[in-house]
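Residues per chain, in single letters:
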Amino acid sequence: MKTNWWKKATIYQIYPRSFQDTNADGIGDLPGIIQRLDYLAFLGIDAVWLSPVYQSPNEDNGYDISDYQAIGSEYGTMEDMDRLIEEAKKRNIRIIMDLVVNHTSSEHPWFQSALQSTESPFHDFYIWRKGVEGQPPNALQSNFGGSAWTLVPELGEYYLHLHAKEQPDLNWENKKMRQEIYRMMNDWIEKGVGGFRLDVIDLIGKEPDQSITKNGPKLHELLQEMNQNTFGEYDLVTVGETWGATPEIAQLYSDEEREELSMVFQFEHINLDKQPGKRKWDLKKLDPKELHQVFSKWQTELTGKGWNSLFWNNHDLPRIISRWGDDQNYRILSGKMLAIYLYFLQGTPYIYQGEEIGMINYPVTSIEEVDDIESRRMYDERIGLGYTEDEIIASINAKGRDNARHPMQWYASKQAGFTEGIPWLPVGDSTEINVAAALDDPNSLFYTYKKLIQLRKELPVITEGIFESIPTDNAEVLAYIRKNEGEKIMVVVNFSSEPNQFLLDTTQPIKEVLIHNYEKEISQTLLPYEAYAVLLS
Ligand code: GLC
Ligand code: CA
C-alpha cells in the first residue's frame, strides 16, 4: 500500500464565519484563522479544510459562490488568503479549499448572463428545460425541499437547482464550462493550496431527464478528466463529499489506480438515526450495534481498495456529544469515548472546529433564532403540511445545521473571545466549554484528541492494519482489533451511560494501555462511556 501523507494525517475543518473575528464585525475572518494557527499546530493537525471563503451572497453561507477567484470581503482579501497559506505552511499545515462546483450562486456572472438570453454563450453552462403543460419538467426535488426547477418566465425555460433556487446547477456536459472550472482549480493549485474538498461531487454526473441525481453514469469519467487536467500530478489531497456511497462506489472514487480522488467522505454511519426512506429530520433511536456493523463493513470492504474519511461532525451535522453522547452528565467522558472508538480505524480523521473541546448543540425556541436556509425551508414546508411548531423546532434542535455553526469558544467570557462585536449567530455558554479551560486541564478532551492524532502517526498498524470486529453480547459494548505482523491493538468502548461488562480474553494479556478515559485498572466492568485502546502481546 502506498503511504501518502494524508493517510497518517488528521484534518481540521474550519467554518470561517464562526472561527475567529478580528475586526469586530461579528464575522470570523482570515486574519482570525492566521491568529489561531499556533493553536492548531499544537493540537497536531496536518491540514485545514476551509469551508468556503469566496465571494458569495451567502444564501447558503458561501456554498453559493459568485466569484471563485475572489475572497468574500467579510473574510478579508486575497493577500490575507496568500498569507494564510504561507503561515500555515510554516507550521506544516496545508490549506484545503472547499470546491463547490456542482452549482454556482445565481449571482455568478455566468448565470446572470445565462438569464439574459438563450443565445448567451453561458446559457448552456446551466441546465435548462421546457415545462410540461405549465408544470416543471419533472418531479425532481431540491435537497432543501420543494421542486428542483425554477421557471424564468422571460426565457420560457426552467433551470435546475438541487439545492436552493439561488444555487443553479452547472451543466457538466458542457466542455467549455468544465475547462473554466479546471483553469480556476489550477490557479488555486498554483497558489499553493494543499488540496480540495469537493462539495456534493456525487451530483455532477446527473441525468435530470431520467431523474438521476446521485452517482450518475458520467460521474467517474468526469472525475478522471478533472484529475488529469488539474491535481493529478501534484501531491495534493482530494476528498469527495459522497452522500450515497457504498463501499463499492467508494472504491470507484478512491482506488489509486483509477486516478480520481484521494478519499470519500460518506455518511452511512451518520444516517443511522434516520427513519428509512424519510428525510433527515425524522429520527429513530441509534442502535450502537448497527453503528458498529456499518463501521465494520466499511473497514473490511474498503481496505486495500480505497480510502475513507473518519468523522462525527461537520458544518451540516449536529454536535456529536449532544447527538450520540450525553451533553448533560457525561460530556467529556462520552466525547472521549466517541473519539477513541473512531481514531483507531483505517481512514483519515476530520475534526470539526470545537469538537476537540466538546462543544454541544445550541437549542432554540423559535424559528426567528434560526439562520440556516435548510432548516428555514423545512420549517415553511412542514408548517404547510400541518406539523406543529413544537415538532418542527424539536427537529431543528436535533438535526439543524446551526447547531454546529455557533461561534468557536476560546475563553470563558461574554462572546467567548470570538468577537468584540455582535456575533452573526449567538455564542453558546462558554463558562465551562472553551479552549483556554481545555488547555489548562490535562484531562480535557483536547488532550485526548492531541494524543490520538499523535498515536496515529506513531503506530503504522492504525493506517495499515487489518480490522477485526470482536463480537460482544451486549448491544452497547463495541470492540475491535487492528493488527499487522508486529502489532495488535484492541479497542473497547461502552456506548452507554450505564455500566456494562466486557469479557477480557486472558490468553492475550495487555502489554500497554495506549489511551483510556478513566484513571482505573482495566477490568471486566465498564463504567459509563468507558473507552480504551490497548496493545496486546
Ligand atoms: C454540501 C455542503 C452544504 C451545502 C450543500 C450545497 O452538502 O456541505 O453545507 O449546503 O453542499 O452546496
Ligand atoms: Ca470579521
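Being a predicted model, the structure only gives us computed values, none of them experimental. (Residues numbered from 1 in each chain as written. Chains lettered and ligands numbered in written order. Predicted model: local features only at pLDDT ≥ 70, side-chain atom pairs only at ≥ 80, totals over all residues. Heavy atoms only, no water.)

If you tally the helices and strands in the chain, you get 15 helices and 20 strands. Relative to the compact-globule value of 24 Å for 537 residues, the chain shows a C-alpha radius of gyration of 23 Å, a close match. Once the C-alpha set of the chain is aligned to its principal axes, its extents read approximately 75 × 50 × 50 Å. Every one of the 537 residues in the chain was classed for burial, and the buried ones make up 61%. Entry remark: accessible area of the chain is about 21100 Å², with carbon and sulfur atoms responsible for 48%. Averaged over its 52 positive side-chain charges, the chain has a centre that lies 3 Å from the centre of its 83 negative ones. (Helix = DSSP H or I, 4+ residues; strand = E, 2+ residues; numbered from the N terminus. Rg over C-alpha atoms; globule rule 2.2 N^0.38 Å. Buried < 20%, exposed > 50% of the residue type's maximum accessible area, 1.4 Å probe, protein only. Areas by Shrake-Rupley, 256 points an atom, 1.4 Å probe, with all protein chains shown as cover. Lys, Arg positive; Asp, Glu negative; His and termini not counted. Charge placed at Lys NZ, Arg CZ, Asp CG, Glu CD.)

What surrounds ligand 1 is a group of 13 residues, the closest being Asp60, Asp199, Glu241, His315 and Asp316. Measuring from an oxygen atom of ligand 1, one finds a side-chain N or O atom of Arg197 at 3.1 Å. Here Asp316 contributes a side-chain N or O atom positioned 2.5 Å from an oxygen atom of ligand 1. Relative to its unbound accessible area of 310 Å², ligand 1 is 97% covered by the protein chains. Residue composition of the shell around ligand 1, grouped by class: three nonpolar, three polar and seven charged. (Near = heavy atom within 4 Å. Polar contact = N/O pair within 3.5 Å; in protein donor to acceptor, adjacent residues only side chain to side chain. Nonpolar A, V, L, I, M, F, W, Y, C, P; charged D, E, K, R; others polar.)

An order of S14-S15-S16-S20-S18 is seen for the five strands of this open sheet, with the pairing classed as antiparallel. The sheet is open, and its two edges are formed by strand S14 (466–470) and strand S18 (510–516), each paired on a single side. With direction set aside, neighbouring strand axes in the sheet form an average angle of 20°. The pairing of strand S16 (residues 488–494) with strand S20 (residues 531–536) spans five bridges and is classified as antiparallel. For Ile489, the partnering residue across the bridge sits in S20 and is Leu535. Relative to the sheet, helix H10 (residues 331–343) contacts strand S15 (477–483), S16, S18 and S20, its axis offset from that of S16 by approximately 150°. (Pairing = 2+ DSSP bridges. Axes fitted to C-alpha atoms, helices over the stretch in contact; angles between N-to-C directions. Contact = heavy atoms within 4.5 Å.)

This part takes up the coordination of the calcium ion (ligand 2). Every protein donor of the calcium ion (ligand 2) is listed here as Asp21 (OD), Asn23 (OD1), Asp25 (OD), Ile27 (O) and Asp29 (OD), and their distances to the metal cover 2.2 to 2.3 Å. Donor residues for the calcium ion (ligand 2), ordered by position in the chain, follow D-x1-N-x1-D-x1-I-x1-D. A residue is classified by how much of its surface remains accessible, and Asp21, at 6% relative accessible area, is buried. (Donors = N, O, S within 2.8 Å, 3.2 Å for Na, K, Ca; no water.)

Those residues of helix H12 (residues 389–399) not exposed but buried are Ile392, Ile393, Ser395, Ile396, Asn397 and Lys399. Of the surrounding secondary structure, the elements contacted by the buried residues of H12 are helix H9 (320–323) and helix H11 (373–384).

For the coordinates displayed, the defined rule picks out 38 salt bridges. The closest approach of N and O atoms between Arg91 and Glu87, which form a salt bridge, is 3.0 Å. Relative accessible area serves as the criterion here: at 16%, Glu87 is assigned to the buried category. The salt bridge partner of Arg401 is Glu374, with a shortest N-O separation of 3.4 Å. Pair noted here: Arg401 is in the loop between H12 and helix H13 (435–440) and Glu374 is in helix H11, with a separation of 27 residues, a long-range link. (Salt bridge = Lys/Arg side-chain N within 4 Å of Asp/Glu carboxyl O.)

The eight strands are arranged S11-S10-S9-S5-S2-S1-S13-S12 in an open sheet whose pairing can be described as parallel. Two strands in the sheet have a free side with no partner beyond their single neighbour: strand S11 (263–265) and strand S12 (309–310).

This next bit is on unusual backbone geometry. The phi dihedral of Glu133 falls on the positive side, at around 50°, and the residue is not glycine. In this fold, Glu133 is placed in the loop between strand S6 (128–129) and strand S7 (149–152). Unusually for a residue other than glycine, Glu259 sits at a positive phi of about 50°. With respect to the secondary-structure elements, Glu259 resides in the loop between helix H7 (247–254) and S11. Here Glu259 falls in the partly exposed class, since its relative accessible area comes to 46%.

This part is about the environment of Asn500. Tracing the chain through its elements places Asn500 in strand S17 (residues 500–501). Overall, the relative accessible area of 9% leaves Asn500 in the buried class. Measuring from C-alpha to C-alpha, the distance between Asn500 and Ile71 comes to 52 Å, with 429 residues separating the pair along the chain. When residues no more than four places from it in sequence are discounted, the contact partners of Asn500 are Asn474, Glu476, Val477, Asn494, Gln524, Thr525 and Leu526.

Under the domain assignment used here, the chain contains domain 1 (109–160) and domain 2 (466–536). Look at where the C-alpha atoms of domain 1 and domain 2 centre, and you get two points 55 Å apart. (Domains from an automatic or database assignment.)

Our focus in this paragraph is the packing of helix H5 (residues 175–190) against helix H6 (residues 219–229). Where H5 contacts H6, the axes come no closer than 10 Å and their chain directions differ by 45°. Here H5 lies oblique to H6, going by the angle between them. Handedness of the crossing formed by H5 with H6: right-handed. Contacts between H5 and H6 pair Arg178, Tyr182, Met185 and Asn186 from the former with Leu222, Glu225, Met226 and Asn229 from the latter. Of the residues contributing to the contact of H5 with H6, the split by class is four nonpolar, two polar and two charged. (Parallel < 35°, antiparallel > 145°, perpendicular 65-115°, else oblique. Left-handed = near helix turned anticlockwise from the far one by under 90°.)

Right, let's talk about the UniProt feature "domain: Glycosyl hydrolase family 13 catalytic" (unreviewed entry) in the chain for a bit. Residues given the UniProt feature "domain: Glycosyl hydrolase family 13 catalytic" (unreviewed entry) here are residues 13–405. As annotated, residues 13–405 has a helix share of 32% and a strand share of 12%, and its two end C-alpha atoms lie 12 Å apart. (UniProt positions renumbered as here; feature names shortened; annotations may be inferred.)

On the surface, a cluster of negative charge is contributed by Glu368, Glu369, Glu389, Asp390 and Glu391. Structurally, Glu389 can be placed in helix H12. The class for Glu389 is partly exposed, based on a relative accessible area of 35%. (Patch = residues over 30% accessible without salt bridge, like charges linked within 9 Å, V, L, I, M, F, W, Y side chains within 5 Å.)

For the rest of this paragraph, the subject is the side chain of Asn171. Topologically, Asn171 is positioned in the loop between strand S8 (157–160) and H5. A distance of 3.0 Å separates a polar side-chain atom of Asn171 from the backbone oxygen of Asp124. When neighbours within four sequence positions are excluded, Asn171 is seen to be in contact with Asp124, Phe125, Tyr126, Ile127 and Met177.

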